[in-house]
Amino acid sequence: MKLHELKPAPKSTKRRKIVGRGRGSGHGTTAGRGGKGQTARTGSSVPAWFEGGQMPLIRRLPKRGFTNVFKKEYAIINVKAFERFEPGQEITPELLAAAGLVRARHDGVKVLGTGTVTKAFTVRAQKFSRSAVAKIEGAGGKVQVIERD
């Protein structure tokens, strides 16, 4: 058997749809393009956002607010997550990222006070809530704020 003698199994391929070859074919007259209009013509490529010439939705809606380019996004972590670490260990944003507790793509880490702290830690982060500071220091730990650039 040669390469040019190969052909697919019977009934495994479907014939191409042929349109515009008379009414008897079932795909004549408008050839599946509907009635008249811009999209029925050949060469028509109207963008998906085009609304037929009426004022587009994005231009009909009023402008609201703005995007602050200087906004800082902080990764949030609660004090209850610190229980997995050894007592006396220094907890840093790098350590939290390595443990998979926060993602490194944020501008810093903010520690919140949900949960309890039973071990003494030295916690270094960019921000702390008042309740987190009270719980960490209440357990004998220390809080160090990392200054932002």
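Up top you'll find the structure we're talking about.
Residues numbered from 1 in each chain as written. Predicted model: local features only at pLDDT ≥ 70, side-chain atom pairs only at ≥ 80, totals over all residues. Heavy atoms only, no water.

### What about the packing of aromatic side chains?
Here comes step 1: As enumerated under the stated definition, the model contains two aromatic pairs in all.
Here comes step 2: Seen from their ring centres, Trp49 and Phe50 are 6.4 Å apart, and the 75° between their planes marks the pair as edge-to-face.
Here comes step 3: What makes Phe50 partly exposed here is its relative accessible area of 36%.
Here comes step 4: Here the aromatic rings of Phe82 and Phe121 are separated by 6.2 Å at their centres, their planes lie at 70°, and the arrangement is edge-to-face. Of this pair, Phe82 sits in the loop between strand 1 (74–78) and strand 2 (90–91) while Phe121 sits in the loop between strand 3 (108–112) and strand 4 (122–125), placing them 39 residues apart in sequence.
Here comes step 5: Note on Phe82: relative accessible area 0%, which makes it buried.
Here comes step 6: Judged by relative accessible area, Phe121 falls into the buried class, the value being 2%. (Phe/Tyr/Trp six-rings, centres within 6.5 Å; stacked < 30°, edge-to-face > 60°. Buried < 20%, exposed > 50% of the residue type's maximum accessible area, 1.4 Å probe, protein only. Helix = DSSP H or I, 4+ residues; strand = E, 2+ residues; numbered from the N terminus.)

### What about the environment of Gly26?
Here comes step 1: Considering the arrangement of structural elements, one finds Gly26 in the segment before helix 1 (57–60).
Here comes step 2: The class of Gly26 is exposed, set by a relative accessible area of 59%.
Here comes step 3: In this structure the C-alpha to C-alpha distance between Gly26 and Arg124, which are 98 residues apart in sequence, comes to 74 Å.

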